[in-house]
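Take a look at the letters that make up each chain.
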Amino acid sequence: MKEFTYQVKDQLGIHARPAGMLINEAKKYKSVLTIDTGAKKAELTRLMAVMALGVKCGQTVTVTAEGEDEDKAIKEIEKFFETNL
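Here's what I pulled together on the structure shown here. (Residues numbered from 1 in each chain as written. Predicted model: local features only at pLDDT ≥ 70, side-chain atom pairs only at ≥ 80, totals over all residues. Heavy atoms only, no water.)

## So, a nonpolar patch on the surface
Residues Leu47, Met48 and Met51 make up a contiguous nonpolar surface patch of about 290 Å² in total accessible area. The topology assignment puts methionine 48 in helix 2 (residues 47-52). (Patch = residues over 30% accessible without salt bridge, like charges linked within 9 Å, V, L, I, M, F, W, Y side chains within 5 Å. Areas by Shrake-Rupley, 256 points an atom, 1.4 Å probe, with all protein chains shown as cover. Salt bridge = Lys/Arg side-chain N within 4 Å of Asp/Glu carboxyl O. Helix = DSSP H or I, 4+ residues; strand = E, 2+ residues; numbered from the N terminus.)

## A few points about the packing of helix 1 (residues 16-26) against helix 3 (residues 70-84)
Axis separation between helix 1 and helix 3 bottoms out at 10 Å; the angle between their running directions is 165 degrees. Comparing their axes, helix 3 and helix 1 come out roughly antiparallel. With respect to the hand of their crossing, helix 1 and helix 3 are arranged in right-handed fashion. Residues Pro18, Met21, Leu22, Glu25 and Ala26 of helix 1 form the contact with helix 3, whose own contacting residues are Glu76, Ile77, Phe80, Phe81 and Asn84. (Axes fitted to C-alpha atoms, helices over the stretch in contact; angles between N-to-C directions. Parallel < 35°, antiparallel > 145°, perpendicular 65-115°, else oblique. Left-handed = near helix turned anticlockwise from the far one by under 90°. Contact = heavy atoms within 4.5 Å.)

## Describing the packing of aromatic side chains
Under the counting rule described, the total for this entry stands at 3 aromatic pairs. Relative to phenylalanine 81, the ring of tyrosine 6 has its centre 5.5 Å away and its plane inclined at 70 degrees; by these criteria the two rings are edge-to-face. Highlighted residues: tyrosine 6 in strand 1 (residues 2-7) and phenylalanine 81 in helix 3, separated in sequence by 75 residues. Measuring from centroid to centroid gives 6.5 Å for phenylalanine 80 and phenylalanine 81, while their planes differ by 80 degrees, and the two rings are edge-to-face. Each of the two residues, phenylalanine 80 as well as phenylalanine 81, counts as buried. Here the aromatic residues Phe4, Tyr6, Phe80 and Phe81 are joined through ring pairs into a cluster of three or more. (Phe/Tyr/Trp six-rings, centres within 6.5 Å; stacked < 30°, edge-to-face > 60°. Buried < 20%, exposed > 50% of the residue type's maximum accessible area, 1.4 Å probe, protein only.)

## A short note on the nonpolar core
One finds Ile14, Leu33, Ile35, Leu44, Val63, Ile77 and Phe81 to be the most contacted residues of the largest nonpolar core, which totals 26 residues. For this core, the secondary structure elements donating two or more residues are strand 1, helix 1, strand 2 (32-36), helix 2, strand 4 (60-66) and helix 3. No other element matches helix 3, which puts 5 residues into this core. Every residue in contact with phenylalanine 81, bar those within four places of it in the chain, is listed here: Phe4, Tyr6, Ile14, Leu22, Ile35, Val61 and Val63. (Core = buried A, V, L, I, M, F, W, Y, C linked by side-chain atoms within 4.5 Å.)

## A closer look at the side chain of glutamate 25
The residue glutamate 25 is located in helix 1 in this model. If we ignore the near neighbours within four places in the chain, the residues touching glutamate 25 are Glu76, Ile77 and Phe80.

Take a look at the structure:
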């Protein structure tokens, strides 16, 4: 299992547009990708579950990848967060 923590910098948090892009990115990998706010957790391939987390600007989340391509998946998802969130 691989993981990283990230503090959301987007002023609107994880809102509809980047959440949709994030889900599409996560679906490229065979590994199970999850996002954890400390209070709630969701799979990154489930749009409504990610939106229900209500992640705001400044909030820190932990993203984990577990599976056969976890190294590549966590590296690319972390790059996505840095670029888009």
